[in-house]
Each structure stands twice: as structure tokens, then as C-alpha cells.
Amino acid sequence: MEVVGSHHPPTATNAALAKAVGFAQFSAIAATFSGAQVFPALGMAVPSFVAGMAENKLQSAGAAFFLGNTLSQNLLNTGAFEVYYDGDVVFSKLNEKRLPNVQEILRGLESRVGRARKRAAETARLEEATA
């Protein structure tokens, strides 16, 4: 038996929101370092929050970096723990809303292995009968 870990994809909405958070994160960091020059170049007054960010560059950029990464990772985290054997679901945390115990996994695997052996034996008998 082989155990293979894989990535369970997030919902399309969460993936889109994570991209939007990344864009907002980049925008906040860019505004921290160049907002005081960009707004006057566009003929606009510098907003007070951008001026405050420019005065505290390290804190503002650090906060945008850490907050953006935290939000993005939480949006992309599915919390999935799915166990399959031969394409059959043995356990699904997404459906059960909890983690399994070892006995549940072993019972599920034993029943599916037993079914797979029965199918293999039936297939072998049919092949012998037709040969």
C-alpha cells in the first residue's frame, strides 16, 4: 500500500479572494514607499493614512506583509483530510467536520481491501472459466 499526500484545491471564490488580498498587499506596500510621490504627480492630495504609512515605513510594510500573508493562507487552507483507497472514500474530514481516529481508518481500509480482493478473485475465476 502506498500513501500519497496531495493538495486539495480551495473553492474558486477563496482563490479569487486570496489573489485580491495579494493585490491589496502589494498596493499597501507600494503606497508605503511611493504614495507620497504618486498622489501629487496625479494632481491629488496625499490621503492622511498614506502620509501616516510613509512616516512609519517599516511598521506599515511589515503589517501589510504579515497581515496579507495570513489572510491569503487562511483563504487557501481547505482543512481537508481525505483518505481514499482505490478511488473509494475511506474518510472525509470535509464531510465529517472532524479528524478520524486510527481505528476508523483501519476499519475503512480493511473493508475496502477485502472488497478489492473479492473482485480480484471473481475476475480470476471468470478468466479461468472463459479460458
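Located above this text is the structure these notes cover.
As the structure is a prediction and not an experimental result, all values here were calculated from the model. (Residues numbered from 1 in each chain as written. Predicted model: local features only at pLDDT ≥ 70, side-chain atom pairs only at ≥ 80, totals over all residues. Heavy atoms only, no water.)

### A short note on the overall build of the protein
For the protein, the count of helices and strands is five helices and two strands. Listing the helices and strands of the protein from first to last along the sequence gives α-α-α-β-β-α-α. Rg of the C-alpha trace for the protein: 27 Å, well past the compact-globule value of 14 Å for 131 residues, more than 25% over. Over its C-alpha atoms, taken along the principal directions, the protein stretches across nearly 85 × 35 × 20 Å. Looking at the protein as a whole, 20% of its 131 residues are labelled buried. Sequence-distant contacts in the protein: of pairs separated by 6 or more residues, those separated by 24 or more amount to 49%. Carbon and sulfur atoms make up 61% of the accessible area of the protein, which amounts to about 9,700 Å² in all. In the protein, which carries 12 positive and 11 negative side-chain charges, the distance between the mean positions of the two groups comes to 5 Å. (Helix = DSSP H or I, 4+ residues; strand = E, 2+ residues; numbered from the N terminus. Rg over C-alpha atoms; globule rule 2.2 N^0.38 Å. Buried < 20%, exposed > 50% of the residue type's maximum accessible area, 1.4 Å probe, protein only. Contact = heavy atoms within 4.5 Å. Areas by Shrake-Rupley, 256 points an atom, 1.4 Å probe, with all protein chains shown as cover. Lys, Arg positive; Asp, Glu negative; His and termini not counted. Charge placed at Lys NZ, Arg CZ, Asp CG, Glu CD.)

### Topic: helix α5 (residues 102-130)
Between its first and last C-alpha atoms α5 spans 42 Å; for 29 residues at 1.5 Å apiece the expected length is 42 Å, and the two agree. Within the sequence span of α5, burial applies to I105, G108, L109, R112, V113 and A116. Elements in contact with the buried residues of α5: β1 (82-85) and β2 (88-92). The N-cap residue of α5 is N101: its side-chain oxygen and the backbone nitrogen of Q103 are 3.2 Å apart. (Expected span 1.5 Å × (residues − 1). Polar contact = N/O pair within 3.5 Å; in protein donor to acceptor, adjacent residues only side chain to side chain.)

Remember, this is a structural readout, not a statement about activity or role.
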